[in-house]
Amino acid sequence: MRRPIIIDTDPGPDDALAILLALGAADRLEIRGITTMAGNVGVDQTTVNALKICALGGAPQTPVHRGCPRPLMRALHTAEFIVGEDGLGGMDLPEPTVAARPQPAVAYLVETLRAAPDRSLTLCALAPLTNIALALVIAPDIARKIDSIVMMAGARDLGNVTAAAEYNVFVDPHAAHIVFEAGIPITMFGLNATYQAVATGARIEPLARAGGKVSAQVVAMLRRERPGGKSLGGDGGHPMHDPCVIAYVLWPELFTGRDCRVDVAVDEGPTVGRTTIDWWGRSGAPANAHVIDTLDADEMFARLAAAIQTLD
Ligand code: BDR
Ligand code: CA
């Protein structure tokens, strides 16, 4: 049976690769829908980008629902200096011919989850968590329908937007707090894990050799110059944060982690958006997330390349 997932996303190059990985693994995963969020760029653009990526991956009819244009409380903080003006720097894709569905993302999440059996849907969260938090606030009964939320969010160590905060949590710390407190099984990919998933030349090589239409777009994206200069992870390549989420759903054996208590700092100041992870269990507070620590990045990229090539 294929595992049903909903992807909440703000494409973004690494989001794009995550969606393509899920489409390339269509024998194992069923994308029920994609919900978009403002983040890397504004929500109109992330929605267009999600539609473009689905078309590139041969699945233009994938339901895409436009989500929130802004976080709950704070002003939106976008990331063009990393991802380029349109969010998909390096790719050259035609305008989508299919429109987003009229139903807003939050309403779609509530309706779809309410109609689903208990613990039957996995949410892959690749963006600020506003859509998911709002859905949980409006309809707390949907929590039991979610098998787990696998998310790219936070950091065990240093942040990437500020010294303390990772981007997705920094943009909407209040939403992240709501989701971490919802009592849903969570697997968390923070920067400490995802900076191990750098798309180095050697890891991209199989896709460059493949040269098909999807592989070529992915390679162009992965080789592009960042408008803002080097990644904090160094100049070995772009860190592929979000594909780790889909890779984990497909291949959990490539990852290790630990159940921990995670608290989100919501107060304004230098630590806003920080995820404090009780790695050593000092507080005695019950764990609310499985926090990923290590991954076999070479194997992950090898499997990812094979999946992407099925779309060529
Ligand atoms: C996260 O922020 C976004 O820019 C990326 O797509 C990823 O989800 C990394 O901090
Ligand atoms: Ca993202």
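Below is a summary of the structure that appears in this document. (Residues numbered from 1 in each chain as written. Chains lettered and ligands numbered in written order. Predicted model: local features only at pLDDT ≥ 70, side-chain atom pairs only at ≥ 80, totals over all residues. Heavy atoms only, no water.)

## Overview of the coordination of the calcium ion (ligand 2)
Heads up, the rule is: Keep in mind that water is not among the atoms, so a site may look incomplete; donors are the N, O and S atoms within 2.8 Å of the metal, or 3.2 Å for Na, K and Ca. Helix and strand labels come from DSSP, where a helix needs a run of H or I of at least four residues and a strand needs a run of E of at least two; each type is numbered from the N terminus.
Within the protein, the atoms that donate to the calcium ion (ligand 2) are Asp10 (OD), Asp15 (OD), Asp15 (OD), Leu126 (O) and Asp242 (OD), at distances of 2.3 to 2.6 Å. For the calcium ion (ligand 2), the donor residues sit on a single chain with the sequence spacing D-x4-D-x110-L-x115-D. With Leu126 in the loop between strand 4 (121–125) and helix 5 (130–138) and Asp242 in the loop between strand 8 (238–239) and helix 11 (243–250), the pair connects residues that are 116 residues apart, well separated along the chain.

## Section: the packing of helix 9 (residues 201–210) against helix 12 (residues 297–309)
Note the following rule: A fitted line through C-alpha atoms represents every axis, and for helices the fit uses only the stretch in contact; the resulting angles, taken between N-to-C directions, go from 0 to 180 degrees. Roughly parallel here means an angle under 35 degrees, roughly antiparallel means over 145, roughly perpendicular means 65 to 115, and every remaining angle is called oblique. We call a crossing left-handed when the near helix sits turned anticlockwise from the far one by less than a right angle, and right-handed when that turn is clockwise. Residues count as neighbours in contact if any of their non-hydrogen atoms are within 4.5 Å of one another. Note that Gly is not counted as nonpolar here; it falls among the polar residues with everything else outside the nonpolar set of Ala, Val, Leu, Ile, Met, Phe, Trp, Tyr, Cys and Pro and the charged set of Asp, Glu, Lys and Arg.
The N-to-C vectors of helix 9 and helix 12 enclose an angle of 15 degrees; their axes lie 8 Å apart at closest approach. Viewed along their axes, helix 9 and helix 12 adopt a mutual orientation that is roughly parallel. Seen from above, helix 9 lies across helix 12 with right-handed handedness. Residues Arg203, Pro206, Leu207 and Ala210 of helix 9 form the contact with helix 12, whose own contacting residues are Ala297, Asp298, Phe301, Leu304, Ala305, Ile308 and Gln309. When its residues are assigned to classes, the contact of helix 9 with helix 12 shows 8 nonpolar, 1 polar and 2 charged.

## Concerning the sheet that holds strand 6 (residues 186–189)
Short version of the rule: In this description, strands pair whenever DSSP reports at least two bridges between them.
One open sheet holds the 8 strands; their spatial order is 3-2-1-4-5-6-12-9, and the pairing between them is mixed. Strands at the two margins of the open sheet, each flanked by one partner only, are strand 3 (64–65) and strand 9 (255–260). Note: strand 2 (residues 29–36) against strand 3, 2 bridges, orientation parallel. Paired with Thr35 across the bridge in strand 3 is His65.

## Quick look at helix 10 (residues 213–223)
To be explicit about the condition: Relative accessibility thresholds used throughout: buried, under 20% of the residue-type maximum; exposed, over 50%; partly exposed, between the two (1.4 Å probe, protein chains only).
Where helix 10 is concerned, the buried positions are Val214, Ser215, Gln217, Val218, Val219, Met221 and Leu222. Where helix 10 is buried, its residues meet helix 1 (13–24), helix 2 (43–56), strand 7 (198–199), helix 9, strand 8 and helix 12.

## Here we look at helix 7 (residues 173–180)
Counting buried positions along helix 7 yields 6 of 8 residues, so the element is predominantly enclosed. Close packing links the buried residues of helix 7 with helix 5, strand 5 (146–152), helix 6 (167–171), strand 6, strand 10 (262–264) and strand 12 (289–295).

## A few points about the packing of helix 5 against helix 7
Between two packed helices, both the angle of their axes relative to each other and the distance between the axes serve to describe the pair. It is at 8 Å that the axes of helix 5 and helix 7 come closest, and there the two elements cross at 55 degrees. It follows from the interaxial angle that helix 5 and helix 7 lie oblique. Between helix 5 and helix 7 lies a crossing whose hand is left-handed. Residue-level contacts link Thr130, Ile132, Ala133, Leu136 and Val137 of helix 5 to Ala175, Ile178 and Val179 of helix 7. For the contact of helix 5 with helix 7, the residue count by class is 7 nonpolar, 1 polar and no charged.

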